Structures are given as C-alpha cells and as structure tokens.
Amino acid sequence: MAIIVLALYGPGVLAFRALRLDGSLALACAPLASIFGYSIVALIYDKLDAPCSWVTILLPLAAVYGAAYIISRLMAGGQQGSGSKLSWLLLGAYLVVGLAVCGYVFIKSLDGPLSYYCRFDNQTHYALARHFIDTQSWSTLDTWSGALSETSRTGYYPAAWHATAALACSLTGFDPALVFNALNATLSGIVFPASSYALMRVLFPNRTSVLAAGAVTTMSFACLPWVLLLKGQLLANLISFAITPAAIALIIRYAENGLARHWPAFAIVAVMSLGDFVFAHPNGLFTAVVFLAPYFIHQAALACKNSKRLSERNPLRKTWVVWTAGALAAFALWQAMLYAPPLQAVVLYNNTGNLNLTWGESIWAALGLSLYPDQPMQWLVMAFCIVGAVSLVRQKRLWLVLPSLWMLIVYAACRCTEASYTLRTFLAGFWYSDPYRILCCAELFLIPVAAAGLVAAARWLTKQVPFAGAHPRATQLLVLAAFSIGNFFPYYVAPPKSDATEPEPHFVSTVGTAFGFMHYLTTEGYTEAEEQAYSAEERDFVERARNALPAGALVINQPHDGSTFAYGLDGLNTYYRHIDVGSDAPESQILRSSLDTIATDAEVQEAARKTGVDYVLQLDQGADPSEIDAPESTDGRTWLLQTDESSWRNFDGINRITDETPGFELVMSEGDMRLYRIL
C-alpha cells in the first residue's frame, strides 16, 4: 500500500503544487494528476510500440511534473504556501478514520493477503490487469484479456485501475493477487477519504467544525465504497468514485476564486478531470455533473440577484426564474447525453435484476440506505442527514442538499417493480440503471450533509445544556464520538440460512450494524475455507500445473469450472479467460464442442493445430450439468451465479474428456482435477 501511495501521490503533488495549491490540498488531489499523466504516457507508448514499466512511466511523469513545479516556484519568487498546521491535522484525521474503517471492513476480512473474489466481473479485471503486466502495454484504448479464443480486441475500456495495478506490480514484483488487494485497500482507505477532505475543505472553508466532522461522515455510509468490492467487483467505479470528490472540489475552488483570473489552471484541472473519468470510469463524470449542476445554477442565481447591470425589473433577478432556466438547461444537456451514440451501450443496458421492491418499499429502502437483504438500516446516520439538510436550507445552501436527494430518488426508482424502463433509463442510465452504483452516489453526496447535521446537533446541545455551552469543542467531540460508536460498532449476527426456494425478503429483522454486516459479507466473499468457484485447492493445482508445463504452453479449459480466473490470478496461459462465448473464433466453436473427438476428427485436429493448444485443464471433471442451475451442487461444487446447464454444455467437447479418451495423455490429477496433454 505504501508503494502504491508513492506512485499515486508522488508525481501528482508536484503537478498541483505547480498550480499553486497549498500543500495539504495538493496532496489530497494528487491522484487526479498522477492517473491522468500515467494514462496519457501509456497512450503515447502504445502508438510508439514502447514498453510500459515503472521506469518508463513513473520517472518521466515525475520529471515533467517536477520541472513544472520548479518553473512555477521560480515565477512565484519562491513563495508558495505549504498549508496551515490545522489543514494537515484535519487531512490526517480523514486518513486515520479511513484506514481504521478500511482495516475492519476490508483488510481484516481477507483470508490472507492473496485472497481473491470469485465474481463475474473479476474475470475481466484480473485478466486485463495480468495482460497489462505481461505485455507491458497499458493503453486504455486498446484493451483485451489476450485470450486467443476471442475474435477481436475489446478496444476502449476504462482501465485506470488495471494500469495502476500493473504499475504497482512493476514497482514491486509482487504476486498480482496481493497487489489487487493492496490497491483496493489504498483506494478505499486513503485515496477516497483524502479526496473527500478536499471537497469538504472547499465547501466549508470557514467552518472548521464541519470540516472536522467530515472526517467521520466520509466513512459513515456502509455501502460506500465497500459495495464496489462486493458487487462485481466494480473496480473501475471504485477508482473513479475515489477521485470524484477531488475533481469536484477543484472545479468549485476555481469557480469561487474567479474563473477570469484563474482560467488557465481551471482549464488544466477540467481537462485532467475529464480525462481521468474517461480512463477510470465515465460514471464519475455524470456523478460530478449531478453535483455541479445545482452549484452553478445557485451561483448564477446569486450573480443575477446582485448584478449591477440588470435592471430592477429584469426577471433574472428573481431566484426562481434562474433556477427554472437552469433546470431546463440541465435537462437539455441530460437529454443530449442520453442520446449521444458513444453512450448508448451504457444508457440502454437492460439491467432489471434488482427490480424487486414496490414503490413504498423502495422509498423505505432509500431512507434507510438499505441495499441488501439482511442489511441493518442506517437510521442513525440518516437522522443526522435530515438534521443537516434542514440546517443547510436555513443557511440558504439548498443546492448542497439537492444532489443527494436526487440520487436517493433515483435509487428508489431503480429498486421499484413498478418503475417503467423509460423512467429508469432517464434517471439512471448513466450508471447502467444499477442501484449499487446509484446508492454509492447518494452516499457520496450525503457526506457534507451528515457533517453539517452533526455540527448542528452539537450546537443545539450547547444551547440546551449548561455544561455543553461552556465547552463547545468538547461537546462536538462528544457528539462525534457517540455517533461513531453507534454507527461503526463492529457487530453483526448472521441469521440462520433458509432452505426455502422462495426469494429472500428484502426487509428482515437482523441484529447488528451495517458495518458489521459489510465486514461479514466481505469475510464470506473472500474466505478460502469454503468452496468457491475457483477454490484454494484448485488454485494450488493450477499453480503446480503451470510450473510443470513448458513456458508459454497454451491450455484449453472449461472456464465455468473456475479456470476463468487461472490466467488473471496465477498466470496460466489459458485459451478461455471468460465464460461468455458470444464472439469466439470458429476454431473455438469447434474445440469447445468436439475436442474429445480429436483422435478421429480431422477438423478438430486442424483447429487444435491452428490455435496452438497443447494441453487440457479440467477443475470439475464429471460435474452433473443438471445440478449447475443451483449455486451449489450436492457434492459441494460451486459455480458463478451466471453459470447454468446450457452455458456449461457449451463446452461439452472439453467436459466429455476422461482418462480413457483417445488422443489425450494424463499429466496431473487430484480429485476431480485433471491436466491432459493433447497427443
């Protein structure tokens, strides 16, 4: 984690010091500049066919940003603020809380530093990161898993997470599985809270009490960022959402200080932020737009109201007129983006798997920040959010409440069985109409609202209780401590597992806190003690097989048995690196349907020669396809949720191979695991 921090913050802090940000703010926002710079250099190297490594990527970027910093310092006469002692202490508070929560929810839940998570999306993440490492080509515009079964490359993919993982592997030489966990912990426990510090500091420059409360509220929402490590995983979203607060913060800062004076720096930051969202995940851009739209409408309304150029009768002096015009302009921009051809694959993604609540239940789930069945509701933090919303409205900062309110409404619509597809597309299309991502956005926007609520509650106490009134700072610390104990208390009792075939109800009576629940889910997901789609025993077999094979030997596999992860996690050169076969090559179709007949079928022999496959890997030999529709079979085997009997039979040419099948020689065996050489 320390090495990843060095890579993410070292060059970037030089870039933002060159733009004359003070030390603590420059450090908090540094990953914006580092990720942008790494991605641009990787694109250039891809065009030049030059290899990417920490030497060729990190050092040149550090040199460029360092030169910019020196020039800026000379132009400023050597006078550049490093930030007050208080600003550094507050940034440290955000990091301490972030690392503490990350340590409990994520790091402590891992079953060792090499733990891995067997979920559908990780086929892509693990394989792409490994392919970056192997090929030393880290371009976001030319990505694929390297699987020879595919007919074409993926092309553009938001791969900043994967490139950062490759950079860390290049720096350390460590096992990629360890680096993946360290990167996720760094983004969750360091980058995200530091980024949130930057936003809170810009939003409340003169309210140290609210800024201090933000150190607690940043990590107070159980779904953000932990659900991104449990659903999918959504690792591209993780890195994008982690830097989104910093991007918003810098845009607002330059707007507050005057764009006319600071437009060059504003333009640089805007280009960096836009590039980062393209490289990390475009969801971050739309998330930032939702936050910035009411801010700029609010600023426009203030400017018109106080303008000396507008006559007293000009309708633009009326706040409601400007807000109406601004809302219409935002609506027009939203519609234009909805119909933009490059975004159609995202916007029209038919994600209806979570339409499982009624309107009433959806609203209740939104108010309780409830995403999972069995998840304890977060009524405590929501109560302070409501107090904060009232406080901000009284301070005439309604705009700061609107983004979170909007995203909660969108989340409710995404969970509602009665919400039409058109409505879901309009509201949530930029996030794949996915309630997991939507709730993370809502919680991101609730951070300043909850912080304002905690401070408002503390001030109310100082007026009601004599002792509190005499010690206002101690009262605020007491409120923060009491809130932290109630909100973060590490306790959860899992209900007994039901054997019922009916879907589990969303709202159930549970014992514990939402954070205890998230720790429980993470522990269950990363455990090696229970059978997984790619179990610890299977991984050990794959490792021994890889060491026994000639270098570069191509192994054809049944990806549904867990071997879809064998390349990304363990470097085995597998033919199939994804369970989907919608765009596989003609040779692939022949091999996966008829490989077992290679001894007598000339067409299969030619396909094998053309692809260059030498070996066959089976991790679940003899599996009964009729049992695969259940996540766990009677003999203990486990598959991905997306695996069913039909998809398993897509690979019957591999499934039918046994020790007696002509044309194959047994190389290794253990239990139901086999490695054959093709004769």
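So, here is what we can say about the structure in this document. (Residues numbered from 1 in each chain as written. Predicted model: local features only at pLDDT ≥ 70, side-chain atom pairs only at ≥ 80, totals over all residues. Heavy atoms only, no water.)

**Describing helix H22 (residues 536-548)**
Every α-helical turn comprises 3.6 residues, leaving residues that sit three or four positions apart pointing alike. Worth spelling out the cut-off: Secondary structure counts use DSSP, requiring at least four H or I residues in a row for a helix and at least two E residues in a row for a strand, with both numbered from the N terminus. What a helix is expected to span follows from its residue count: subtract one and scale by 1.5 Å. Throughout this description, buried means an accessible area under 20% of the type-specific maximum (1.4 Å probe, protein chains only), exposed means over 50%, and partly exposed covers the range between. To be clear, the arc concerns the directions from the helix axis to the C-beta atoms.
Along its 13 residues, H22 runs 19 Å from first to last C-alpha, staying within 8% of the 18 Å computed at 1.5 Å per residue. Looking only at H22, the buried set comprises Glu538, Arg539, Phe541, Val542 and Ala545. Relative to the axis of H22, the buried residues are bounded by an arc of 160 degrees and lie together on one face. Away from the buried face of H22 by more than 90 degrees, exposed residues Asn547 and Ala548 are located.

**Overview of unusual backbone geometry**
Backbone torsion omega between Leu224 and Pro225 reads 0 degrees, so that peptide bond is classified as cis. Mapping Pro225 onto the fold places it in the loop between helix H8 (208-217) and helix H9 (235-257). In this chain, Gly232 is followed by Gln233 through a cis amide linkage whose omega measures 0 degrees. One non-glycine residue, Gln136, lies in positive phi territory at about 60 degrees. Inspection of the secondary structure assignment puts Gln136 in the loop between helix H5 (120-135) and helix H6 (160-172). Phi at Leu369 is positive, roughly 55 degrees, even though this residue is not glycine. Tracing the backbone shows Leu369 in the loop between helix H14 (359-367) and helix H15 (379-394). According to the relative accessible area criterion, Leu369 is buried, its value standing at 0%.

**Topic: the pairing of strand S6 (residues 673-678)**
Rule in force here: We call two strands paired when DSSP finds no fewer than two bridges between them.
Within S6, five of the six residues are buried, which leaves the element mostly enclosed by the surrounding structure. One ladder, built from four bridges, connects strand S4 (residues 613-618) with S6; its direction is antiparallel. The residue bridging Gln618 from the neighbouring strand is Arg674, located in S6. Sheet analysis places strand S5 (residues 664-670) next to S6, joined by six bridges and oriented antiparallel. When the sheet's bridge partners are listed, Leu666 is paired in S6 with Tyr676. Taken together, S5 and the strand that follows it, S6, pair antiparallel across an intervening segment of two residues, in which Gly671 is found at a positive phi of about 60 degrees.

**Comments concerning the sheet that holds S5**
Under the convention used in this document: Angles here are taken between N-to-C directions and fall from 0 to 180 degrees, while the axes themselves are lines fitted to C-alpha atoms, restricted in helices to the stretch in contact.
With respect to topology, four strands assemble into an open sheet ordered S3-S4-S6-S5, the strand pairing being mixed. The sheet is open, and its two borders are formed by strand S3 (554-557) and S5, each paired with just one other strand. On average, adjacent strands in this sheet sit at an angle of 25 degrees to one another, irrespective of strand direction.

**So, the side chain of Asp434**
Rule in force here: Two residues form a contact once any of their heavy atoms are found within 4.5 Å.
Tracing the sequence through the fold places Asp434 in the loop between helix H17 (421-428) and helix H18 (435-464). Accessibility expressed as a relative area gives 0% for Asp434, which makes it buried. If near-sequence neighbours (up to four positions away) are discounted, Asp434 is found in contact with Lys231, Leu234, Asn351 and Asn354.

**Regarding the packing of aromatic side chains**
Applicable threshold: Here the aromatic set is Phe, Tyr and Trp, taking the six-membered ring for Trp, and pairing holds for ring centres within 6.5 Å; pairs whose planes are under 30 degrees apart are stacked, those over 60 apart are edge-to-face, and all others are tilted. In our convention, an over-ring charge means Lys NZ or Arg CZ found within 6 Å of a ring centre and within 35 degrees of that ring's normal.
By the definition in use, this model includes 30 aromatic pairs. Between Phe291 and Phe445 the ring centres are 5.3 Å apart and the planes differ by 45 degrees, which places this aromatic pair in the tilted class. With Phe291 in helix H11 (residues 283-305) and Phe445 in helix H18, this residue pair connects regions lying 154 residues apart in the sequence. Considered together, Phe291 and Phe445 belong to a single accessibility category, that of buried residues. Seen from their ring centres, Tyr349 and Tyr432 are 5.8 Å apart, and the 85 degrees between their planes marks the pair as edge-to-face. Residue Tyr349 is found in the loop between helix H13 (344-347) and H14, and its partner Tyr432 is found in the loop between H17 and H18; the two are separated by 83 residues along the sequence. The class for Tyr349 is partly exposed, based on a relative accessible area of 45%. An aromatic cluster of at least three residues, connected via ring pairs, comprises Tyr116, Tyr126, Trp161, Phe180, Tyr534 and Phe565. For Arg253, the ring lying beneath its charged end belongs to Tyr254, and the centroid distance is 5.6 Å.

**Focus on the nonpolar core**
Test applied: In plain words, nonpolar cores are sets of buried Ala, Val, Leu, Ile, Met, Phe, Trp, Tyr and Cys residues tied together by side-chain atoms within 4.5 Å.
Grouped together as the largest cluster of nonpolar side chains are 195 residues, with contacts concentrated most on Phe16 and Trp431. The leading source of residues in this core is H18, at 18 residues. If we ignore the near neighbours within four places in the chain, the residues touching Trp431 are Phe241, Asn283, Phe286, Thr287, Val290, Trp334, Met407, Arg437, Ile438 and Cys441. In this structure, Tyr576, Ala607, Val616 and Ile654 belong to the second largest nonpolar core, which totals 19 residues.

**Considering the packing of H11 against helix H16 (residues 402-415)**
We count it as follows: Roughly parallel means an angle under 35 degrees; roughly antiparallel means over 145; roughly perpendicular covers 65 to 115; every other angle is labelled oblique. In a left-handed crossing the near helix is turned counterclockwise from the far helix by less than a right angle, and in a right-handed crossing that turn is clockwise.
Running from N to C, H11 and H16 cross one another at 135 degrees; their axes reach a closest spacing of 9 Å. Here H16 runs oblique to H11, going by the angle between their axes. Relative to H16, H11 is oriented so that their crossing is right-handed. In this structure, H11 uses Val290, Phe291 and Pro294 to contact H16, whose residues at the interface are Leu402, Pro403, Trp406 and Met407.

**Focus: H9**
Over its 23 residues, H9 runs 34 Å from end to end, which matches the ideal 33 Å to within 8%, given 1.5 Å per residue. The buried fraction of H9 amounts to 20 of the 23 residues, a majority that puts the element mostly inside the structure.

**Overview of a nonpolar patch on the surface**
Basically, it comes down to this: Patch criteria: residues need more than 30% relative accessible area and no salt bridge. Like-charged residues are merged within 9 Å; nonpolar side chains of Val, Leu, Ile, Met, Phe, Trp and Tyr are merged within 5 Å. Using the Shrake-Rupley algorithm and a 1.4 Å probe, accessible areas are obtained, with residue cover drawn only from the displayed protein chains. One side-chain nitrogen of Lys or Arg within 4 Å of one carboxyl oxygen of Asp or Glu is enough to make a salt bridge.
Side chains of Trp359, Ile363, Trp364, Leu367, Trp379, Leu423 and Phe507 sit close together on the surface and give an oily, nonpolar patch of about 630 Å² of accessible area. For the nonpolar patch, the element with the most residues is H14, which contributes four residues. For Ile363, the position within the fold is in helix H14. Residue class for Ile363 comes out partly exposed when judged on its relative accessible area of 45%.

**A closer look at the pattern of salt bridges**
Applying the stated criterion to the full structure yields 17 salt bridges. Of the charged contacts in the structure, one is a salt bridge between Arg437 and Asp434, with a shortest N-O distance of 2.7 Å. Taken individually, Arg437 and Asp434 each receive the classification buried, so the pair is uniform in this respect. For Arg539, the salt bridge goes to Asp570, with nearest N and O atoms at 2.7 Å. Of the two residues, Arg539 is situated in helix H22 and Asp570 in helix H23 (residues 566-570); the sequence distance between them amounts to 31 residues. Grouping residues by exposure puts Arg539 and Asp570 together as buried. Shared partners join several salt bridges into a network, and the residues in it are Asp175, Arg539 and Asp570.

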